[in-house]
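Coordinate analysis (summary)
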Amino acid sequence: MSSTLGSSIGKKLLMSLSGLFLIMFLLVHLTVNSFLLIPDGGEFFNAGAHFMATTPAIRVIEPLLAIGFLVHILYGVKLTLENRKARGSARYASGKKTTGVTWASQNMLVLGITVGAFLVLHIAHFWVKMKLTGDPLLEHTAISIGGVETEVENAYALVNHTFSYLWIVIVYVVAAVGLAIHLSHGFWSAFQTIGFSNQIWRKRLTVLGNLFAILIGFGFSIIPILQYLFYQG
Ligand code: HEM
């Protein structure tokens, strides 16, 4: 078993499975964050954040998510370095690009590192403040849950304040575009590795992957942009 996971195909399988898990996380995360677009002073978003923070089944997923990211990053770096070593100078032997090889597929590591660097900043902005250090902006606010007035953390105030800085909005947009390009290759490639692909499905998964990448890139960009432009003050 351990030798299977240590083999090149084993590593690719782990990359794909962790990638698919992260894809599911991104869908859920974007759905909750899309509540930030509702012009209700953050009530719906705060209710969503409260639900995510207090539902035991979701709390269990958090450490799994950290493991998913770690596996994906570590094996991504390892596989890329091993592939480069195996190819040696052949990588530079021809100036011509192989057809069917996209820019995204050749730059998965650098795109992944861009998203990883963003994540460090992102976790410091939100997760650390909400889970570890606290922040005056988070001080409690009341929302109505099923008609009952409930005291919850004001996650909206923290997000809204964070997106009042133009440089932060720019960083988020760059990361969202990098993530989208990463996914435009990673999505169908993950399905291909787990064996869920053939000639017909390869085409369908490429289209689906591109649509998913556009949704993620657009969604995670438009939220900070609109927060900065229309939701301040
Ligand atoms: C519009 C952009 C985004 C907003 C407003 C946003 C908001 C948030 C907030 C408020 C938290 C803290 C949640 C909590 O601890 O209860 C969080 C956590 C997190 N975000 Fe984001 N996020 C955005 C984009 C992203 C992107 C693009 C990624 C992945 C590449 C990402 C990955 C994470 C991760 C891994 C966590 C920690 C796990 C968790 O708490 O669920 N986020 N985000």
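Fair warning: this is a prediction, and the values are worked out from it, not measured in the lab. (Residues numbered from 1 in each chain as written. Predicted model: local features only at pLDDT ≥ 70, side-chain atom pairs only at ≥ 80, totals over all residues.)

**Quick word on the overall build of the protein**
What counts, and what does not: Working definition: helices are DSSP H or I runs of at least four residues, strands are E runs of at least two. Numbering for both runs from the N terminus. Exposed residues have 12 or fewer other C-beta atoms within 10 Å of their own C-beta, buried residues have 20 or more, and partly exposed residues fall in between, where C-beta atoms are placed from the backbone. We call two residues in contact if the C-beta atoms placed from their backbones are at most 7 Å apart.
Within the protein one finds 10 helices and two strands. Of the regular secondary structure in the protein, the N- to C-terminal order runs α-α-α-α-α-α-α-β-β-α-α-α. A buried classification covers 24% of the 233 residues belonging to the protein. Taking the contacts inside the protein whose residues are at least 6 apart along the sequence as the reference set, 72% of them involve residues at least 24 apart.

**Some remarks on the nonpolar core**
Counted only if it meets this: One nonpolar core equals one set of buried Ala, Val, Leu, Ile, Met, Phe, Trp, Tyr and Cys residues connected by C-beta atoms within 7 Å.
Within the largest apolar cluster, 27 residues are counted, with the highest numbers of intra-cluster contacts made by Leu179, Leu183, Phe187 and Ile216. Listed by contribution, the elements that provide at least two residues to this core are α3 (43-54), α7 (108-133), α8 (155-162), α9 (166-193) and α10 (199-230). Residue contributions to this core peak at 11 residues, all from α9. When neighbours within four sequence positions are excluded, phenylalanine 187 is seen to be in contact with Ile23, Leu205, Gly209, Phe212 and Ala213.

**Regarding the pairing of strand β1 (residues 141-145)**
What counts here: Strand pairing is assigned whenever DSSP identifies at least 2 bridges connecting the two strands.
In this sheet, strand β2 (residues 148-152) lies alongside β1 in antiparallel orientation, the contact comprising five bridges. Following the sheet pairing, threonine 141 is matched in β2 by valine 152. If you look at the hairpin formed by β1 and β2, you'll find two residues sitting between the two strands, and glycine 146 has a positive phi there, around 60 degrees.

**Some points on the site of the ligand**
The cut-off we apply is this: Near, as applied to residues and a molecule or strand, means the residue's backbone-placed C-beta atom lies within 6 Å of it. As a working rule, the residues Ala, Val, Leu, Ile, Met, Phe, Trp, Tyr, Cys and Pro are called nonpolar, Asp, Glu, Lys and Arg charged, and the rest polar, with Gly in that last group.
By nearness alone, 24 residues border the ligand, and Phe126, Trp127, Met130, Phe220 and Ile223 come closest of all. Broken down by secondary-structure element, the contributors of at least two residues to the shell around the ligand are α2 (8-33), α3, α4 (56-87), α7, α8, α9 and α10. In terms of residue count, α7 provides more of the shell around the ligand than any other element does, eight residues in total. Of the residues belonging to the shell around the ligand, the class tally is 19 nonpolar, three polar and two charged.

**A short note on the packing of α9 against α10**
To be explicit about the condition: Fitted lines through C-alpha atoms serve as axes, helices being fitted only where they are in contact, and the angles separating the N-to-C directions of these axes extend from 0 to 180 degrees. We call two directions roughly parallel when the angle between them is under 35 degrees, roughly antiparallel when it is over 145, roughly perpendicular when it lies between 65 and 115, and oblique otherwise. Crossing handedness is read from the near helix: turned anticlockwise from the far helix by less than a right angle, it gives a left-handed crossing, and turned clockwise, a right-handed one.
Where α9 contacts α10, the axes come no closer than 8 Å and their chain directions differ by 165 degrees. Classified by the angle their axes make, α9 and α10 are roughly antiparallel. Read as a crossing pair, α9 and α10 show a hand that is right-handed. Grouping the amino acids of the contact of α9 with α10 by side-chain chemistry returns 21 nonpolar, seven polar and one charged.

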